[in-house]
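Chains, contacts and geometry: an overview
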Amino acid sequence: MAFSRAVLGVVAVCAAIVTASPAAEAREPARQADATDRCGADPIEWGAPAMANAISVHSLEWAPFGATEWGWETYVPLIQQELGADCAPGSPAFARALAGFQARYGLPATGWFDPATFQVFRGLWQERRPFIMSRVREEPCPEPPPLNQLGYLVAEEEHADRLTRLLRRDVLDAYRRMVAAARAEVPEIAADPELLQIFSGFRDPEADAARCAEQNNCDGLRRAVCSPHRTGAAVDLYVGHIAGLAVDDTSAASRLHMARGPVYRWLVRNAGRFGFTPYVYEPWHWEWTGEPGGYHVAATSP
């Protein structure tokens, strides 16, 4: 019993560290108390994996995309959304939900986060990007849409760091509805018109191919010969950045900074309402899959 109390104490401290942020401090006391009760459920059974997750979320040394990273906090918003659990990684309720996910996909139901579990998450997220799945099936790269299917962004929708002019008209309409909802629901987004501006939309395939060849990074994480941007259905959104770094800097510190922000967290929870799905490696990159009939790459003929 003494050991159990000690474990619970450590778990509570770790969970508090993981969730500590200015936004969390501003929450009303009643909501905090409810979350504490809900996320701390079943502490005896899930105390050990909760404690392990509270530590590894910051300290795990791994390479999910080739380069070494420390911790997995960058991916927590997407994982929480997938699990349907908004509890902190260091909570018993998160460990219990993670164990349920592991069991559903044939993994040991430990409740401990590990690279093998992440690969299952990553596979699911990639499968929801029909453009990527068509590439996996080695289908031909789709032709860009005809010009009459493209619409112009207005100046307020373009990010000054990297101007872009065009987007598929149906995607542009969905984007505008999404931005309006975000600004209505999140005061931080409403207060900063720069947030959610587009810094890359439709990209001409020939120009994109020349650019990737010039940078010697074709079909890599950052540039692809066959990019989803050629469809006019992919958008790179400004979700915040570290001063001195680019808005699409892929360093671990940059991506973690973005994942901690209110814009990305809102998108993870709500972008699906408007037909957008994320690319896990780039917090700024979202692809429109259509409402409700799926990804409309085929709708590119005159």
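Residues numbered from 1 in each chain as written. Predicted model: local features only at pLDDT ≥ 70, side-chain atom pairs only at ≥ 80, totals over all residues. Heavy atoms only, no water.

Looking at the protein as a whole, its pLDDT mean stands at 86, while 81% of the residues score no less than 70. Counting contacts from residues 1–21, a segment whose pLDDT is below 50, to residues more than four positions away or on other chains yields 21 contacts. Counting contacts from residues 292–302, a segment whose pLDDT is below 50, to residues more than four positions away or on other chains yields 25 contacts. (pLDDT = per-residue confidence, 0-100. Contact = heavy atoms within 4.5 Å.)

This next bit is on the state of the cysteines. Per the counting criterion, the structure on display carries two disulfides. Two residues, Cys141 and Cys226, share a disulfide whose sulfurs are 1.9 Å apart. The disulfide joining Cys141 to Cys226 has a torsion of about 90° about its S-S bond and is therefore right-handed. Linking Cys141 in the loop between helix 8 (130–136) and strand 3 (150–152) with Cys226 in the loop between helix 11 (205–214) and strand 6 (234–237), this pair joins segments that are 85 residues apart in sequence. Taking relative accessible area as the criterion, Cys141 reaches 24% and is therefore assigned partly exposed. Given the relative accessible area of 7%, Cys226 is considered buried. (Disulfide = S-S within 2.5 Å. Helix = DSSP H or I, 4+ residues; strand = E, 2+ residues; numbered from the N terminus. Buried < 20%, exposed > 50% of the residue type's maximum accessible area, 1.4 Å probe, protein only.)

Attention now moves to the pattern of salt bridges. Under the definition given, this model contains 14 salt bridges. Here Asp86 ties to Arg38 by a salt bridge, and the two come within 2.8 Å at their closest N and O atoms. Taken together, the residues span a long stretch of sequence, with Asp86 in the loop between helix 5 (76–83) and helix 6 (92–104) and Arg38 in helix 3 (residues 29–39) at a distance of 48 residues. You can call Asp86 exposed: its relative accessible area is 52%. The partly exposed category is assigned to Arg38, whose relative accessible area is 36%. For Arg260, the salt bridge identified is with Glu73, shortest N-O distance 2.9 Å. With Arg260 in helix 12 (residues 252–260) and Glu73 in the loop between strand 2 (69–70) and helix 5, this residue pair connects regions lying 187 residues apart in the sequence. (Salt bridge = Lys/Arg side-chain N within 4 Å of Asp/Glu carboxyl O.)

Right, let's get into the side chain of Glu157. Along the chain, Glu157 turns up in the loop between strand 3 and strand 4 (166–168). For Glu157, a relative accessible area of 10% translates into the label buried. Within the structure, Glu157 has its side chain in polar contact with the side chain of Arg176 (distance 2.6 Å). Excluding residues that lie within four positions of it along the chain, Glu157 makes contacts with Leu172, Tyr175, Arg176, Gln197 and Ile198. (Polar contact = N/O pair within 3.5 Å; in protein donor to acceptor, adjacent residues only side chain to side chain.)

Let's shift gears to the packing of helix 6 against helix 7 (residues 115–127). Contact geometry of helix 6 with helix 7 gives a least axis separation of 11 Å together with a crossing angle of 70°. Judged by the angle between their axes, helix 6 and helix 7 are roughly perpendicular. Contacts from Leu98, Phe101 and Gln102 of helix 6 reach helix 7 at Thr117, Val120, Phe121 and Leu124. Taken together, the residues of the contact of helix 6 with helix 7 sort by class into five nonpolar, two polar and no charged. (Axes fitted to C-alpha atoms, helices over the stretch in contact; angles between N-to-C directions. Parallel < 35°, antiparallel > 145°, perpendicular 65-115°, else oblique. Nonpolar A, V, L, I, M, F, W, Y, C, P; charged D, E, K, R; others polar.)

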